[in-house]
Each structure stands twice: as structure tokens, then as C-alpha cells.
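Descriptive analysis of the structure
What follows is each chain in one-letter form.
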Amino acid sequence: DVKVTQSSRYLVKRTGEKVFLECVQDMDHENMFWYRQDPGLGLRLIYFSYDVKMKEKGDIPEGYSVSREKKERFSLILESASTNQTSMYLCASISSMNTEAFFGQGTRLTVV
Amino acid sequence: AQSVTQPDIHITVSEGASLELRCNYSYGATPYLFWYVQSPGQGLQLLLKYFSGDTLVQGIKGFEAEFKRSQSSFNLRKPSVHWSDAAEYFCAVGGGIGDMRFGAGTRLTVKP
């Protein structure tokens, strides 16, 4: 069974902290994505990666960075967490044929 | 840039009634089109997808969608809704690596 695993379901962090959200996929997919989901706004693309060490900005990259040192792992980094980054974060993995996105369960991050 | 519009934020239908969720997209070329469903507290699951060919596509759980190029639409339908269909539904459009964009979502409530 294909799987995308996000390391935490729930996180509470303080303003100014550096936050790492981890995502691992076991499908050998080239492409991995980070979205944030907010009510009424749907899923907005933060960053994506189409290969190891490659990254591209999505629609809302400000305040975030990413790391992809291995094909199976894609990390989202909040350099200095702020309250407006309180959200649900979803990781997805897609094959190079772009046939289907497989999603993790999501990480609900609260910044206080 | 491509975009997706889901005009209905929230829809309520009675169990057993038919359902149609609307989706309009903007894309410069022939798009890949998707419908995903998200149950409470869960990640997104693919319902169906359209790449080419027959414009009426069948998906899981009895859902279908019709691609209408002239209207830039990809509406999701189900002839008879079940209480377990209550969830949030997302339409997405993609065309290449990193191109997948989602609509704001439609929340479906099913009345007994």
C-alpha cells in the first residue's frame, strides 16, 4: 500500500521558533509538494521539489524553506514561526507521469 | 497561471438525492483534472481523474465527472448520496510538474 507519512499529526510551537515538518514517501516518486490548507482557501502550494536537492517556489513561499537531501524525504522549515502560520500542512507525492497525488494525513500546526 | 474555481463553499443535500459539485478551471493547454475528497481529520483521497479520451469519467464510491472543454468545467456528480459522502471535496488541475492547483473546496452536508 502506497504511503506518504508526515512525522506529526499535531504540533504546538511558540512564535519565533524554528519548526521542521517532515514528510516521507515510499513510492520512489520524483515529485513532492508542500501545501497549506486553510478554511475557504483550499490548498495553496508552498514549495515543491522535482528531484533530490531541487526545489521550486509555489504560490506562498514567504516564511518557509524546504530541504530534499534524499528522494524519499521532503522537509518544510519555518525559519521563525509566526501566528499567521497556524494551519494544516499537507505533504503530497506525485510520480513523474503526474497521474495522481498521494497525500499524507496532514500536520496541524498551532503557533502561539 | 492555471486556477480552479469551486463556486459553492457549502452544499446540503438529503440522503438519496442527487449531487452535483461544480468546478471551473483556467488552463492554457489540455489540463489534467482531478477530484479529491477529504473526510474530517484525514488527508485527501483521489475520487477520479481525467487526462484525455472519454469526457465522462467514472470514479470510486459511485462518483462520476464530465469534462466540458467549451465551458472549462469538470463537474462532479453522484446519482444518490449516502450519509458517508459528507466530506469536503476539492477539484484540482494540473499539466506538468509542480503545476497542480486546487480549488477552495466544497463542503458537503448530508441530511438524513
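Preceding this paragraph is the structure being described.
This section reports on the structure supplied with the text. (Residues numbered from 1 in each chain as written. Chains lettered and ligands numbered in written order. Predicted model: local features only at pLDDT ≥ 70, side-chain atom pairs only at ≥ 80, totals over all residues. Heavy atoms only, no water.)

1. Focus on the interface of chain B and chain A
How we decide: The contact rule is simple, with two residues in contact once any of their heavy atoms fall within 4.5 Å. Buried area: the sum, over both parts, of the accessible surface (1.4 Å probe) that disappears when the two are put together. One speaks of a salt bridge when a side-chain nitrogen belonging to Lys or Arg is within 4 Å of a carboxyl oxygen belonging to Asp or Glu. N or O atoms within 3.5 Å of each other form a polar contact, as long as, within protein, one can give a hydrogen and the other can take it, and as long as residues adjacent in sequence are counted only when both atoms are side-chain atoms. To qualify as a helix, a DSSP run of H or I must reach at least 4 residues; to qualify as a strand, a run of E must reach at least 2; elements of each kind are numbered from the N terminus.
Counting residues at the interface gives 23 residues for chain B, matched by 23 residues for chain A. Taking both partners together, chain B and chain A bury about 1,800 Å²; carbon and sulfur atoms supply 54% of that area. Our count for the chain B to chain A interface comes out at 1 salt bridge. Residue Arg101(B) pairs with Asp59(A) through a salt bridge whose shortest N-O separation is 2.8 Å. For the interface between chain B and chain A, the tally reads 6 residue pairs in polar contact (both at pLDDT 80 or more). Mapped by element, the contributors of at least two residues to the side of chain B that touches chain A are β5 (32-38), β6 (44-50), β10 (87-94) and β11 (101-102) of chain B. Take the side of chain B that touches chain A: its biggest share by element is 4 residues, from β5(B).

2. With respect to unusual backbone geometry
We count it as follows: Exposure classes here rest on a 1.4 Å probe applied to the protein chains alone. A residue is buried below 20% of its type maximum, exposed above 50%, and partly exposed in between.
For Asp28(A), which is not glycine, the phi dihedral falls at a positive 60°. Residue position: Asp28(A) is located in the loop between β3 (19-25) and β4 (31-38). One non-glycine residue, Lys61(B), adopts positive backbone phi at about 60°. Along the chain, Lys61(B) turns up in the loop between β7 (56-58) and β8 (64-68). Judged by its relative accessible area of 44%, Lys61(B) is partly exposed.

3. Description of the state of the cysteines
All names here are of chain B. Defined as follows: The disulfide criterion used throughout: a pair of cysteine sulfur atoms within 2.5 Å.
Evaluation of the coordinates by the stated rule reveals 2 disulfides over all chains. Note that Cys-23 is cross-linked by a disulfide to Cys-91, the S-S spacing being 1.9 Å. Its S-S torsion of approximately -65° makes the covalent link between Cys-23 and Cys-91 left-handed. Separated by 68 residues along the polypeptide, Cys-23 in the loop between β3 (19-21) and β4 (24-26) and Cys-91 in strand β10 bring together distant segments of the chain. On the basis of relative accessibility, which here comes to 0%, the residue Cys-23 falls in the buried class.

4. Considering the side chain of Ser73(B)
Inspection of the secondary structure puts Ser73(B) in strand β9 (residues 73-78). With residues up to four places along the chain from it excluded, the contact list for Ser73(B) reads Cys23(B), Asn24(B), Tyr25(B), Glu66(B), Phe67(B) and Lys68(B).

5. Description of the environment of Thr30(B)
All names here are of chain B. Inspection of the secondary structure assignment puts Thr-30 in the loop between β4 and β5. Separated by 16 residues in sequence, Thr-30 and Ser-14 have C-alpha atoms that sit 35 Å apart. Ignoring anything within four residues of it in the chain, the contact list for Thr-30 reads Phe-51 and Arg-69.

6. Remarks on the nonpolar core
For the record, the criterion: To qualify as a nonpolar core, a set must consist of buried Ala, Val, Leu, Ile, Met, Phe, Trp, Tyr and Cys residues joined through side-chain atoms within 4.5 Å.
Core analysis: the largest hydrophobic core is formed by 26 residues, its most contacted members being Leu19(B), Trp35(B), Leu47(B), Leu48(B), Phe74(B), Leu76(B) and Tyr89(B). Contributions of two or more residues to this core are made by β2 (10-14), β3, β5, β6, β8, β9, β10 and β12 (106-111) of chain B.

7. Side note on the packing of aromatic side chains
Just so we agree on the cut-off: Note on aromatic contacts: the rings of Phe and Tyr and the six-membered ring of Trp form a pair at centre separations within 6.5 Å, being stacked when their planes are under 30 degrees apart, edge-to-face when over 60 apart, and tilted otherwise.
If you walk through the whole model with that rule in mind, you get 15 aromatic pairs over all chains. When the ring of Phe33(A) is compared with that of Tyr35(A), the centres are 6.1 Å apart and the planes differ by 15°; the resulting orientation is stacked. The residues Phe33(A) and Tyr35(A) share a single accessibility class, namely buried. Ring geometry for Tyr36(B) versus Phe102(B): centroids 5.7 Å apart, planes at 50°, classification tilted. Of this pair, Tyr36(B) sits in strand β5 while Phe102(B) is found in strand β11, placing the two residues 66 residues apart along the sequence. Take Tyr36(B): its relative accessible area is 0%, and that puts it in the buried class.

Structural measurements only, silent on function.
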